[in-house]
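Summary of structural features
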Amino acid sequence: HRDLHSFPTRRSSDLFIQHPFRVGTWSWNLGTGQDWFTAYSYYIVGDPFAYLILFFSTAHIAMGYQLIIGLKLIAAGVSFSFMASKFGFKGGTLVVGSISYVFATFGFYAAINHSPFLTALIYLPILIVGVERIFFDGNYKLILITIPLLILNSFYWGIVLALVTLIVFVRSEERRVGKECRSRW
């Protein structure tokens, strides 16, 4: 946490160019001893929620972490509501669906054990809407904006959700082709 708070005042060479063979670059005060970028780049550098912790003092870090988890859960619920509304769900069904989505097994696990995994719950509904827009509106904008943001946020989740999006894409194409075939008969 100390290193994250010192981020704005550190030199770029201290953050990104430290080489393991230089004296003084390995310190057990940060992760497993790597430099700042290596330790934080996997889940934290691209996650805008992670930077909210900078507004909390060391004494209030636990409260800040809980707030960030809460905000991520809210963002996942809003994301699901966005998707569900695009599929025609309204009112109570939308609310119950969003709450179920957020607090399903994976969401519950991620919130308790590893909050960066909540990122996937935020982006997946947006990607699904993006795929549907490609097929029904011919609009690629949402996908072209969401995928780079997701990859910047977490390369791992970018790959996993790209595979899930590919499955949704194939299923949507099967549905579209099936409707065209049925309409011909």
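So, here's what we can say about the structure. (Residues numbered from 1 in each chain as written. Predicted model: local features only at pLDDT ≥ 70, side-chain atom pairs only at ≥ 80, totals over all residues. Heavy atoms only, no water.)

With respect to the packing of aromatic side chains
- Summed over the entire model, instances satisfying the criterion amount to four aromatic pairs.
- Taking 5.3 Å as the distance between ring centres and 85° as the angle between the ring planes, the aromatic pair formed by Phe117 and Trp157 counts as edge-to-face. Taken together, the residues span a long stretch of sequence, with Phe117 in the loop between α6 (105-113) and α7 (118-137) and Trp157 in helix α9 (residues 155-184) at a distance of 40 residues.
- By relative accessible area, Phe117 is classed as buried at 17%.
- Ring geometry for Tyr156 versus Trp157: centroids 5.1 Å apart, planes at 65°, classification edge-to-face.
- For Tyr156, a relative accessible area of 37% corresponds to the partly exposed category.
- Residue classification places Trp157 among the buried residues on the basis of a relative accessible area of 7%.
- Here the aromatic residues Phe117, Tyr156 and Trp157 are joined through ring pairs into a cluster of three or more. (Phe/Tyr/Trp six-rings, centres within 6.5 Å; stacked < 30°, edge-to-face > 60°. Helix = DSSP H or I, 4+ residues; strand = E, 2+ residues; numbered from the N terminus. Buried < 20%, exposed > 50% of the residue type's maximum accessible area, 1.4 Å probe, protein only.)

Things to note about the pattern of salt bridges
- Inspection of the entire model under this criterion finds two salt bridges.
- Salt-bridge contacts for Lys72 lead to Asp47; the nearest nitrogen and oxygen are separated by 2.7 Å. With a gap of 25 residues between them, Lys72 in helix α4 (residues 61-86) and Asp47 in the loop between α3 (36-40) and α4 connect regions that are remote in the sequence.
- For Lys72, a relative accessible area of 2% gives the class buried.
- Residue Glu174 is joined to Arg171 by a salt bridge in which the shortest nitrogen-to-oxygen separation is 2.5 Å. You can see Glu174 and its partner Arg171 sitting in helix α9, three residues apart, about one turn around the helix. (Salt bridge = Lys/Arg side-chain N within 4 Å of Asp/Glu carboxyl O.)

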